[in-house]
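Read off the chains here:
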Amino acid sequence: MKKDLSRRSVLRLGALAAAAPAVGTVAAGAAGAATGGAAAAAGVAAGPLETSLPSLPVADSWQVRPFTLSQVTLGDGVFKEKRNRLLNYAREYGPSVVNGVRDDKRGPDRMLRSFRVTAGLDHKGVNPIGSWESPDGNLRGHFSGHFLTLLAQSWASTGEQIFKDKLDYMVNGLGECQDALAAQAAQPTPRVAGRNGTAIRFSGTPNGHITGDADVIKLPAGIVAGLSDFTVAAWVNLAVRDDNARLFDFGHPGDAASDTLSRMYLSVHNGGGPRFGITTSGSAGEQRIEATTALTAGQWAHVAIVKSGGTGTIYVNGVAAGTSALSLSPSDLGSTSDNWIGRAQYPQVNIKFLNGLVDDFQIFGRGLSPEEITAVVADAASAGADSRVAWYRFDEAPGPTITDSSGNGRHGEFFGATDGRRHPGFLSAYTEAQFIRLEEFTTYSGTGIWAPYYTLHKIMRGLIDAHHLTGNERALEIVKKMGDWVHSRLSTVSRDRLNRMWSLHIAGEYGGSNENLAHLAAIETDPERSARYLVAAKAFDNRRTVLPAAIEDRDVLTGIHVNQHVPQFTGYLRIYEQDTEANAEYYTAAQNFWNMIIPQRMFSHGSAGGQYGAAPGRPANTNPELFQPRGDISESLHYQSATSGSSSGGGETCSTYNLLKLTRNLYFHDPDPAFMDYYERGLTNHILGSRRDNDSASDPQVTYFLPAHPGATRGFGNNGTCCGGTGMENHTKYQETIYAQSADGSTLYVNLYIASTLTWAEKGFTVTQVTDFPRQDSTSVTIDGSGPLKVLLRVPFWATRGFTIKVNGAAVAGTPEPGTYFALDRTWAAGDRIDISMPFGLRTERALDDPQVESIFNGPVVLPALNAQRAWRTFSFYSRLKLDGDLTAAVTPLEEPNFFATHGHTLRPLYVGINEAHHVYYKRVEPKVVFGSIDSGVSNEARDDDGDSFLDKVWAAAPFQGHGEFVARVEAVASDWQAAGRFTRRERQNVIVAASKAQSELRVE
Ligand SMILES: [Zn+2]
């Protein structure tokens, strides 16, 4: 574990009386800032009954374990204020009150709407959610999954009944949808009246060109292998004469992007009539026959393609309608694996599916003569019997099997929305089509697919949370069936194909689906079913590039999607936990991956990802959701400042959500305080700052991006988007990492200084923390209960101005070191009190790639400068410093905690959720070696290997006890500077003389 975070340029500077508001804002009882609604008025229960809840799976490999959400309640403070705004949304979304009448089902009904429509159930007339949750949106359902988690977390946090009622209602609604979808899938596909007996009805291209909603038939592999001459003949009755719709297409998997497909096909219409094509090198190498007789919609027509010798002929109704030389034969295609009736190889968005009836589809192993074709038109059985390869009459009973009547046993399989062959556990707000198309490498395009397994992850996670956080058993049944369905789909997909699927940008984004499946494996008691869940979890391994590179500690992150990849590594940890020896590489990968981001790609508020410019061998990137190059912080900010919209860039809020989740899970395995230093940074800055400080019943009022470039703004809202979804979760689980316990229960970790109460019934302790942190730089922890317990207090990396601990008023011996835990190992008595003071102090942090680009912090709190200009702010501090080196000489504290002013700008903590343009970073400009108003005339622009200027080096030693100590420091650094060739002898002399003259300038007043 690297502790680079504490290596940043840190100025240890003055105490800030203004940062310490009075203690004593604790109020027991009802949720203070919660607003509105009968439910709020009905009061808050004492707390959820954690004893009755199913326990979360605990891995043997965890050195520390979390407490559940219901074991920790939030006390008053900024975290609870933000939390309560989301509780209000959870109660009131719908809206719950229309014309004075309250209906708490309206919100849940809106969340269920698309699920019910898909399952053919009554959607109760409610409006769709909108945004990414529009009725035809390809990500629909994801937000409902997050809403389940919101309700589960809200109930676990407060015990307020309305959340449980809404959650149970939604879970039951989803269960009804799952049952209805299973009943639909179990219905056999009907055969309809045909040309001869019955026929198959192909439904064409419903719902935006989606495979899986369209009916298709798959014939056995190699069905035309080895043939040189051949005939394919069938009756068709088109409902719609769609260009390019295929009667058949026999070939090999490929994709349209590279178009190296090897295939033979007959389309029902291209130009003048049907077209036959055959190729071993994509469309460019295609040999074609074009028929001049068009098929007519609504009429039966007989179509045949015959190859005999070097010539091919298309017949329509027994009459030759087009002929051409053909040198390619089916034998040139090898043994084709994907042989379809009714669709093309790997359709992309512009390819239509066959829309019409097909009857008596026959394949012969030679070219039938014109007379034989005439005979076959009159009677399908009358010719070619000696060479018949397969004959599909469609006269069999309804069901997925398409019988081969040739006697050769080459039965086909029918794939359709209702074909009785799908696994009954499927549940989504759309059909299985997107999952099927992903297996065909359909790319994210807005009209094809979005990210089906991402959406599935949210729904499954919501159900898992409903189970673990509220004890809902139905939720567990539903999600286990969904897990069975995932296994049924992915266990038949080859490893090569899976690798390619998960490498697709956005389309292959699967959230933490592997986390969900490994979670089910951990809690499932039937060993066979558990093993299947683990197989399904590992099916999500991203083995093409990212996982193997992470295992080998090769950094390949530049230009890949941040939020697509971070949650995969939380899933890898879950897989590792199932068998730590066999799966050791997953843990290695997760550790390495984290270190590639923190701090290498981390902005000061904790997020990662952004635009960047072109460089040799690397194109520019204008998508702010992608990882920027390693170490590229200021470069990315510069580029965003020039190219980005004001409210994009600087990291997606989802990405920080997932980085915190990964961090927390790594921490369970290795309780390194560096993990919690990062966790505190992301939580206290990006996450707190992502919620606007006003209530809304219609919208979670959270950010998508939280941009850090000059003059950036926050766009609050996001009902229906990814960040709206994770945003609902972020603010209702602030308590989850405040405390942790060692695996043996002997040690309590106090990780975060957030007002809260931990009820640790198992050990008989109740731990109450009272603080307004981060608006206060101290906390008090009261322990109720008695007995031995080791308490580890986290000493934050930024606590360089001291971290003093008193127990029952008496100072504790020892020197707490920043970036460590400090142990209090004793036998406690009820009412024992620990008081901790951790003066914040102003400090600056440089961008990794530019010593002049900085953020300023007060302790853990980043302080953006408010200003709407898109140009960089330039700040100079050194000329104003006194011997104590306290930055407050240059940056003036204002009345409110964590508010300051400098250079005519207000510095306001990012957690204040008001939308004004800000500068999270500014340029530090210190061109001359000056002490107060005394200018040495020497340039301060030379830098050492760490990027430090002469003045950086001098002031790093502050505070100074007296002027003599200061001059000695200047002399020592100037001598080093001269020895390194950065100063001449005269320059060295000049800076020492100037420092000597500055006695009154530097005096602390
Ligand atoms: Zn997002």
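Everything below is about the structure shown above.
Reading guide: rules and limits
Residues numbered from 1 in each chain as written. Predicted model: local features only at pLDDT ≥ 70, side-chain atom pairs only at ≥ 80, totals over all residues. Heavy atoms only, no water. Pairing = 2+ DSSP bridges. Helix = DSSP H or I, 4+ residues; strand = E, 2+ residues; numbered from the N terminus. Donors = N, O, S within 2.8 Å, 3.2 Å for Na, K, Ca; no water. Buried < 20%, exposed > 50% of the residue type's maximum accessible area, 1.4 Å probe, protein only. Contact = heavy atoms within 4.5 Å. Salt bridge = Lys/Arg side-chain N within 4 Å of Asp/Glu carboxyl O. Core = buried A, V, L, I, M, F, W, Y, C linked by side-chain atoms within 4.5 Å. Phe/Tyr/Trp six-rings, centres within 6.5 Å; stacked < 30°, edge-to-face > 60°. Lys NZ or Arg CZ within 6 Å of the ring centre and 35° of its normal.

Asks: Explain the sheet that holds strand 2 (residues 72–74) to me, using residue names and the numbers behind them.
Replies: Read across the sheet, 7 strands follow the order 2-25-26-27-32-29-30 without closing on themselves; strand pairing throughout is antiparallel. In this open sheet, the two edge strands, each paired with only one partner strand, are strand 2 and strand 30 (810–811). Bridge count for strand 25 (residues 756–760) against strand 26 (residues 765–770) is 5 bridges, and the pairing is antiparallel. Note that in strand 26 the partner of tryptophan 760 across the bridge is phenylalanine 765.

Asks: Break down the coordination of the zinc ion for me, citing the residues and quoting the values.
Replies: Coordination angles at a metal have ideal targets, namely 109.5 degrees for four tetrahedral donors and 90 or 180 degrees for six octahedral donors. In this structure, Glu652 (OE), Cys654 (SG), Cys722 (SG) and Cys723 (SG) serve as the protein donors to the zinc ion, at separations of 2.2 to 2.3 Å. Among the residues examined, cysteine 723 registers a relative accessible area of 0% and is labelled buried.

Asks: How would you explain the side chain of glutamine 568 if you had to name every residue and give the values?
Replies: Counting through the fold element by element, glutamine 568 comes out in helix 14 (residues 562–578). Take glutamine 568: its relative accessible area is 0%, and that puts it in the buried class. The contacts of glutamine 568, once residues within four sequence positions are left out, are Tyr510, Gly511, Asn514 and Asn542.

Asks: For the environment of glycine 617, give the residues involved together with the corresponding values.
Replies: Relative to the helices and strands, glycine 617 resides in the loop between helix 15 (584–597) and helix 16 (634–643). Judged by relative accessible area, which is 89%, glycine 617 ranks as exposed.

Asks: Mind laying out the pattern of salt bridges, listing which residues take part and the relevant values?
Replies: This structure, assessed with the given rule, holds 51 salt bridges. For aspartate 484, the salt bridge is made with arginine 529, and the minimal N-O distance between the two is 2.6 Å. Taken as a pair, aspartate 484 in helix 9 (residues 473–490) and arginine 529 in helix 12 (residues 527–539) lie far apart in primary sequence, 45 residues in all. Through salt bridges with shared partners, a single ionic network connects Arg461, Asp465, Glu515, Arg574, Glu577 and Lys661.

Asks: Give me the nonpolar core: which residues, what numbers.
Replies: Grouped together as the largest cluster of nonpolar side chains are 193 residues, with contacts concentrated most on Tyr453, Ile834 and Phe950. Looking at this core, the element that brings in the most residues is helix 5 (residues 161–185), giving 9 residues. Setting aside chain neighbours within four positions, we find tyrosine 453 in contact with Phe435, Leu438, Trp485, Val486, Arg489, Leu490, Trp502, Glu509, Tyr510, Ser513 and Phe540. Residues Val224, Leu266, Phe276 and Ala301 belong to the second largest nonpolar core, which totals 44 residues.

Asks: Which residues make up the packing of aromatic side chains, and what are the values?
Replies: This model, assessed by the stated rule, comprises 51 aromatic pairs. Considering the side-chain rings of tyrosine 510 and phenylalanine 540, the 4.8 Å spacing of their centres and the 55 degrees angle between planes classify their relative orientation as tilted. Here tyrosine 510 is found in the loop between helix 10 (495–502) and helix 11 (513–523), whereas its partner phenylalanine 540 is found in the loop between helix 12 and helix 13 (546–551), with 30 residues between them in sequence. Owing to a relative accessible area of 0%, phenylalanine 540 belongs among the buried residues under this scheme. Judged by centre distance (6.3 Å) and plane angle (85 degrees), the ring pair of phenylalanine 593 and phenylalanine 627 falls under edge-to-face. Here phenylalanine 627 lies in the loop between helix 15 and helix 16 and phenylalanine 593 lies in helix 15, a separation of 34 residues in the sequence. What links up through ring pairs into an aromatic cluster is the set Phe426, Tyr430, Phe435, Tyr453, Trp485, Trp502, Tyr510 and Phe540. Directly above the aromatic system of phenylalanine 857 lies the positively charged group of arginine 843, at a separation of 4.3 Å from the ring centroid.

Asks: Which residues make up the pairing of strand 34 (residues 850–858), and what are the values?
Replies: By the criterion of burial, strand 34 is predominantly enclosed, with 7 of the 9 residues buried. Across 6 bridges, strand 33 (residues 842–847) lies against strand 34 in antiparallel orientation. Note that in strand 34 the partner of arginine 843 across the bridge is phenylalanine 857. Between strand 33 and strand 34, which follow one another and run antiparallel, lie 2 residues. As paired elements, strand 34 and strand 42 (residues 922–924) share 2 bridges and run antiparallel to each other. The residue bridging valine 853 from the neighbouring strand is lysine 923, located in strand 42.

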